[in-house]
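Coordinates in review
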Amino acid sequence: MEDVIFAVDLSSLALVDRAEMVEIDRIMIEDLGISLLQMMENAGRNLADLAIRRFNPGHVVVVAGSGGNGGGGMSAARHLLNRGVETEVLLIKEELSPAAAQQRDIFRRMGGAVHMDRAALNVADLVIDAMIGYSLSDAPHGMVAEVIQKIRGRDVPVLALDTPSGVDVTTGEAFEPHIDATATMTLAAPKAGLVGHPAVGEHYLADISVPLSAYRKFGKTVTNPFTQSTVVFISG
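Residue numbers here run from 1 along each chain, matching the order of that chain's written sequence. Side-chain atom pairs in this predicted model are given and counted only at pLDDT of 80 or more, local residue features only at pLDDT of at least 70, and totals for whole chains, interfaces and linings cover all residues. Side-chain metrics rest on all non-hydrogen atoms present in the structure, leaving aside hydrogens and water.

Describing helix 4 (residues 98-109)
- Here helix 4 contains 12 residues, and its C-alpha end-to-end distance of 16 Å stays within 8% of the 16 Å for a straight helix at 1.5 Å per residue.
- Listed in full, the buried residues belonging to helix 4 are Ala99, Ala100, Ala101, Gln103, Arg104 and Phe107.
- Pairs of residues are marked as contacts when any of their non-hydrogen atoms sit within 4.5 Å. Each helix is a run of DSSP H or I of at least 4 residues and each strand a run of E of at least 2, with the numbering of both proceeding from the N terminus. Considering only its buried residues, helix 4 is in contact with helix 2 (36-55), helix 3 (68-82), strand 3 (86-91) and strand 4 (113-115).
- Following helix 4 by one or two positions, Gly111 adopts a phi angle in the positive range, close to 100 degrees. Expected span of a helix, by definition, is 1.5 Å for each gap between consecutive residues, and there is one gap fewer than residues. Each residue's exposure class comes from its accessible area (1.4 Å probe, protein chains only) as a fraction of the maximum for that residue type: buried when under 20%, exposed when over 50%, partly exposed otherwise.

Printed below as a string of structure tokens:
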């Protein structure tokens, strides 16, 4: 861990599971009017910042899924490109959610390469895993499984967004195949199934602008871990 990244003790944080994150997202979008694109933007900026500070990469491949996790990864790709890091996006699916498609289109308009060529993984010195977020409940299959296996066959650091793909955020079950990350930047609050999990690697937490009131609506007592930094290292 870089000493420039502020650390917070796990004991000061409230853990959440998949169902609670679904409710947090609902509160953000429906009750507060904070859009999914705004949350993606916060996630992507923080992920790009962590990638540079922790890994100082020369060539990044963002492996992006079709939903919110993929959209956050593609937002990070744009921020990395803006900061002079050679970055490309490897899609695991052509059909994307509207928000993820918008992130893809912005990245393309900036001149970023977006494709489905797995050979790109051979030249990456950092892979960003943005394939599957907290919604996962069973084993990856199809191209996702194939890409995970290819990543596992390479000696390259992996930075996972929210959770390593293939790991259940509620139970901690690591399906086969799954990503064994060098580091994981989880969003908003620590996920119960990821704490101390060997697949997570270094465990970071990033602010996506969820107010403390959102957690209190379903009985969580939460202190603000982001008073010193928008990305913190989880210790303890």
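A few points about the sheet that holds strand 5 (residues 126-130)
- Strand pairing follows a simple DSSP-based rule, namely that at least 2 bridges must link the two strands. If you trace the nine strands from one edge of the open sheet to the other, you get 1-9-8-7-6-5-2-3-4, paired in mixed fashion. In this open sheet, the two edge strands, each paired with only one partner strand, are strand 1 (7-9) and strand 4. Shown here is a sheet whose adjacent strand axes are inclined to one another by a mean of 25 degrees, direction ignored.
- Pairing analysis gives five bridges linking strand 7 (residues 183-187) to strand 8 (residues 202-206), with the strands arranged parallel. The residue of strand 8 that forms the bridge with Thr184 is His203.
- Orientation is described by lines fitted to C-alpha atoms, with helices fitted over the stretch in contact, and by angles between N-to-C directions that extend from 0 to 180 degrees. Taken strand by strand, helix 2 contacts strand 5, strand 6 (158-161), strand 7, strand 8 and strand 9 (231-235), and its axis lies near 155 degrees from that of strand 7.

Here's the deal with the nonpolar core
- Each nonpolar core is a collection of buried residues, namely Ala, Val, Leu, Ile, Met, Phe, Trp, Tyr and Cys, held together in the definition by side-chain atoms within 4.5 Å. Val89, Ile128, Leu159 and Met185 are the most contacted members of the largest nonpolar core, which totals 56 residues.
- Sequence-distant contacts of Met185, that is, excluding residues within four places in its chain, are made with Ala43, Asn46, Leu47, Leu50, Leu159, Ala160, Leu161, Asp162, Tyr204, Ala206 and Val231.

A few points about the packing of aromatic side chains
- Stacked, tilted and edge-to-face pairs are distinguished by plane angle, under 30 degrees for stacked and over 60 for edge-to-face with tilted covering the rest, among Phe, Tyr and Trp rings (Trp via its six-membered ring) whose centres lie within 6.5 Å. Tallying each qualifying case throughout the model produces one aromatic pair.
- Taking the centre distance of 5.4 Å and the plane angle of 70 degrees together, the rings of Tyr204 and Phe233 count as edge-to-face. Taken together, the residues Tyr204 in strand 8 and Phe233 in strand 9 connect sequence positions 29 residues apart.
- For Phe233, a relative accessible area of 17% translates into the label buried.
- The aromatic ring of Phe55 is capped on one face by Arg54, whose charged end is 4.6 Å from the ring centroid. To sit over a ring, a charge needs its Lys NZ or Arg CZ within 6 Å of the ring centre and within 35 degrees of the ring normal.

Some points on the environment of Phe55
- Counting through the fold element by element, Phe55 comes out in helix 2.
- Classification of Phe55 as buried rests on a relative accessible area of 16%.
- Along the sequence, Phe55 and Val158 sit 103 residues apart, while their C-alpha atoms lie 9.7 Å from each other.
- Sequence-distant contacts of Phe55, defined by excluding residues within four places in its chain, comprise Leu50, Leu126, Pro157, Leu159, Thr182 and Ala183.

What about the pairing of strand 5?
- Extensive coverage of strand 5 is indicated by the burial of five of its five residues.
- The alternating pattern of strand 5 places Leu126, Ile128 and Ala130 on one face and Val127 and Asp129 on the opposite face, and all of these are buried.
- Across three bridges, strand 5 lies against strand 6 in parallel orientation. Bridge pairing links Val127 to Val158 in strand 6.
- The β-α-β motif built from strand 5, the intervening helix 5 (residues 142-152) and the parallel element strand 6 has right-handed crossover chirality. When the strands point away from the viewer, a crossover counts as right-handed if the path from the first strand over the helix to the second runs clockwise.

Points about the packing of helix 2 against helix 4
- Contact geometry of helix 2 with helix 4 gives a least axis separation of 10 Å together with a crossing angle of 50 degrees. One way to sum up the angle between helix 2 and helix 4 is to call them oblique. Helix-helix and strand crossings are classified by hand; for helix 2 and helix 4 the assignment is right-handed. In this structure, helix 2 uses Leu36, Leu37, Met40 and Glu41 to contact helix 4, whose residues at the interface are Ala99, Ala100, Gln102 and Gln103. Put simply, angles under 35 degrees are roughly parallel, angles over 145 are roughly antiparallel, angles from 65 to 115 are roughly perpendicular, and the rest are oblique. By convention, the crossing between two helices is left-handed when the near helix turns anticlockwise from the far helix through less than a right angle, and right-handed when the turn is clockwise.

Some details on the side chain of Ser229
- Checked against the element boundaries, Ser229 lands in the loop between helix 6 (212-216) and strand 9.
- A distance of 2.8 Å separates a polar side-chain atom of Ser229 from the backbone oxygen of Val231. Polar contact is defined as a pair of N or O atoms within 3.5 Å, subject to the rule that within protein one atom must be able to donate a hydrogen and the other to accept it, and that residues adjacent in sequence are counted only when both atoms are side-chain atoms.

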